[in-house]
Amino acid sequence: MKNKKNILIVLLFLSLIAIMSINTATAKTININDASSYNQTGLSLSEQIQKIIDTATSGDTIKFLGSFYEDLTLTINKKLNIISNSGTTIRGSDSSLLKTIFFINGSSASGTTISGFNLDNEDGNGITLNNTKNIKVSKNNITAKDSGVSVSKSSNITINNNNITKSDEGISLKDSNNIYVENNKLDNNNEGISLDSTNNVDIKSNNITNNKDGISLKNTKKTNIINNKVYNNKKSGIYSYKTKDTQIKNNNIKNNERYGILTENTLINLTLKNNSIFYNHYGIRLDSIDNSYVTMKTNSIRYNVEGISFGPNYVDSKTKDISSNDISSNTGKDVELRDSNYYDTLEIGPNWYGANANYLANICPKLKSEMIQFKLKSAGNGVYMGIFTYNGQTMTDLPPIDVLFIVNGKEIWVTTVNGVATVNFGKDFDKNQAGGILNAIAGVETFQLGITYTENINNNNNGKTPVNGGTGNPGNGGLGGLGIGGNGLGTIGIGTGSPGGSNPSSNQLSEGASSSSGSSSAAQSSTQQAKVINIDDGENLFKIEDSQALGILIIGLLLGSIIVGYMLRRDKKISF
């Protein structure tokens, strides 16, 4: 029985090898030679090459070897790998009814790839995908009258590393789903990427420039627009009409003539985060009638004419969240509400508007919005921080903001990380610059902080002359910490009383430092964490660094006494 099982396993293994060998053997490479090689009477060049493609077997590679082919329209209805390794140029046919160079049609073409071509079609599309799936279009240069790549009723399509120019639509996606558009260059088209009734699309890491509209979304669901450069488009960088579940993240949207982002009709569940939106007329123009669950956070919206503008058709939603953005340095208004037909006032969350003071914030008077504040403080040892806060909390979800630190004419630019700009001037800075002023410019406002220095003084007086105070006031004064004063044993004191005298070498800390009449919160905290108890026998000072240690010592002595007493009693009983 065991031998029969082994034989069956061996036969199964050999069968798999045979099947794999058959598949390998049937997949072959078919070369398309130079156009001059095809001169069959009565057939056009396109028809002759189509015959070769028609005789190919699914899985074959069609390799173009020539440099130039003209008047081609080729239909692909089986899985083929169509490539050129020499940058073959193909010009489309003016007489074709299909009006495309490559027509990939039907589910039988699933798995086809087209790569390495220069395609030019003055009367139609470069590549057309119709009712198919699992297609990859990559590393092509395409110019077309209509669409560089047209996708209709298809799914699981990858379009990457193509350069598409001078087309009506660089990439057109209609009635399709699960599309991946990555690392393409789309320049000087009417629309760079156009989506209509298409769902589950990832548009990532593309350069989309000099089009009329960079990215156009109409009737879409689940679109992710991430890490793209959307520059110099003549109308909109990104246009949204009747969209749902859209994410726009980590994009650079700059120098678009009219709108960085324009929304119309319905805008449901938009997440707009971590984008840089600069030098557009409108950074963001909201003109949609349904704005449910719109979230705009951690964006830099700067140097536009108007940062965020609410249009005449905008209808507000209580579910929106517009907060933690840097909306500053826009030449018109940072936030503008004047065009709204529905609202005399409108409320959004806290944002940084380039200043702490209301009169310096360039926002519409109709708008209600809390202002994120900037605070300059010292961390000691020459380290200074510019902190952006709201309600006492550091705004860690703000985008990076540049802060200029200036001292003695020296300028240092620092970019915030998690809402904090930190500069380290070196440990001797406070001592050398004490009495000077540190300036910081954040947005349009200048902030100042006095530079102070506190000498590190040892308060151990060994029961002799007190460091800070005269005789008769033990335990008070000092640097807001522990004081041993008077003659003999002092007490644990936190300098909140009136000392007998002042310590001229003491300097104030930059925030609430102790002075002759009190102690800083920092000093109090320090004394609570490290208590010092001094025991003076008149000549030698025995110091225990913690009251808990003293308690343990006393308990230890008591236990020792009990043990010694018990042993003495036991010895006495034994002696009897």
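Residues numbered from 1 in each chain as written. Predicted model: local features only at pLDDT ≥ 70, side-chain atom pairs only at ≥ 80, totals over all residues. Heavy atoms only, no water.

You'll find the protein chain entered in an unreviewed UniProt entry as Right-handed parallel beta-helix repeat-containing protein, with Methanobrevibacter arboriphilus given as the organism. According to its UniProt record, the protein chain has this under Pathway (unreviewed entry): "Protein modification; protein ubiquitination." (UniProt positions renumbered as here; feature names shortened; annotations may be inferred.)

1. Remarks on the sheet that holds strand β27 (residues 276–278)
The parallel open sheet is built from twelve strands, whose spatial order is β3-β6-β9-β12-β15-β18-β21-β23-β25-β27-β30-β33. Two strands close off the open sheet at either side, each with one partner strand: β3 (68–72) and β33 (326–328). Going across the sheet, the axis of each strand differs from the next one's by a mean of 10°, ignoring polarity. Sheet analysis places strand β15 (residues 163–165) next to strand β18 (residues 185–187), joined by three bridges and oriented parallel. Note that in β18 the partner of Asn163 across the bridge is Lys185. (Pairing = 2+ DSSP bridges. Helix = DSSP H or I, 4+ residues; strand = E, 2+ residues; numbered from the N terminus. Axes fitted to C-alpha atoms, helices over the stretch in contact; angles between N-to-C directions.)

2. Re the pattern of salt bridges
Where charged atoms from two side chains of opposite charge come close, those side chains can pair. A complete count under the given rule lists seven salt bridges for this structure. For Asp397, the salt bridge goes to Lys297, with nearest N and O atoms at 3.6 Å. Here the residue Asp397 occupies a position in the loop between β39 (393–394) and β40 (402–407), and Lys297 occupies one in strand β29 (residues 295–297), the gap between them amounting to 100 residues. The class of Lys297 is buried, set by a relative accessible area of 15%. Through salt bridges with shared partners, one network takes in Lys297, Asp321 and Asp397. (Salt bridge = Lys/Arg side-chain N within 4 Å of Asp/Glu carboxyl O. Buried < 20%, exposed > 50% of the residue type's maximum accessible area, 1.4 Å probe, protein only.)

3. Describing the sheet that holds strand β44 (residues 445–450)
If you walk across this open sheet you meet the four strands as β41-β40-β43-β44, and the pairing is antiparallel. Unpaired on one side and paired on the other, β41 (410–415) and β44 mark the two borders of the sheet. Here the strands of the sheet are splayed against their neighbours by 25° on average, with no regard to which way each runs. Bridge count between strand β43 (residues 437–442) and β44: six bridges; the pairing is antiparallel. Pairing of Ala440 across the sheet is with Phe447, part of β44.

4. Quick word on unusual backbone geometry
We note that Lys242 has phi near 60°; this positive angle belongs to a residue other than glycine. Mapped onto the elements, Lys242 comes out in strand β24 (residues 236–249). The phi angle at Asp245 is positive, at roughly 60°, despite the residue not being glycine.

5. Focus: the environment of Asn77
Along the chain, the position of Asn77 falls in the loop between β4 (74–76) and β5 (81–84). With relative accessibility at 38%, the residue Asn77 sits in the partly exposed group. In this structure, the C-alpha to C-alpha distance between Asn77 and Ser58, residues 19 residues apart in sequence, is 9.2 Å. In contact with Asn77, not counting residues within four places along its chain, are Asn105, Ser108 and Ala109. (Contact = heavy atoms within 4.5 Å.)

6. Some remarks on the packing of aromatic side chains
A full pass over the atoms with the stated rule returns 14 aromatic pairs. Their ring planes at 15° and their centres at 5.2 Å tell us that Tyr279 and Tyr303 sit as a pair that is stacked. Of this pair, Tyr279 sits in the loop between β27 and β28 (282–290) while Tyr303 is found in the loop between β30 (300–302) and β31 (306–310), placing the two residues 24 residues apart along the sequence. Connected via pairs of aromatic rings, a cluster forms that spans Phe64, Tyr69, Phe102 and Phe117. Over the ring of Tyr282 we find Arg285; its NZ or CZ atom is 4.8 Å from the centre of that ring. (Phe/Tyr/Trp six-rings, centres within 6.5 Å; stacked < 30°, edge-to-face > 60°. Lys NZ or Arg CZ within 6 Å of the ring centre and 35° of its normal.)

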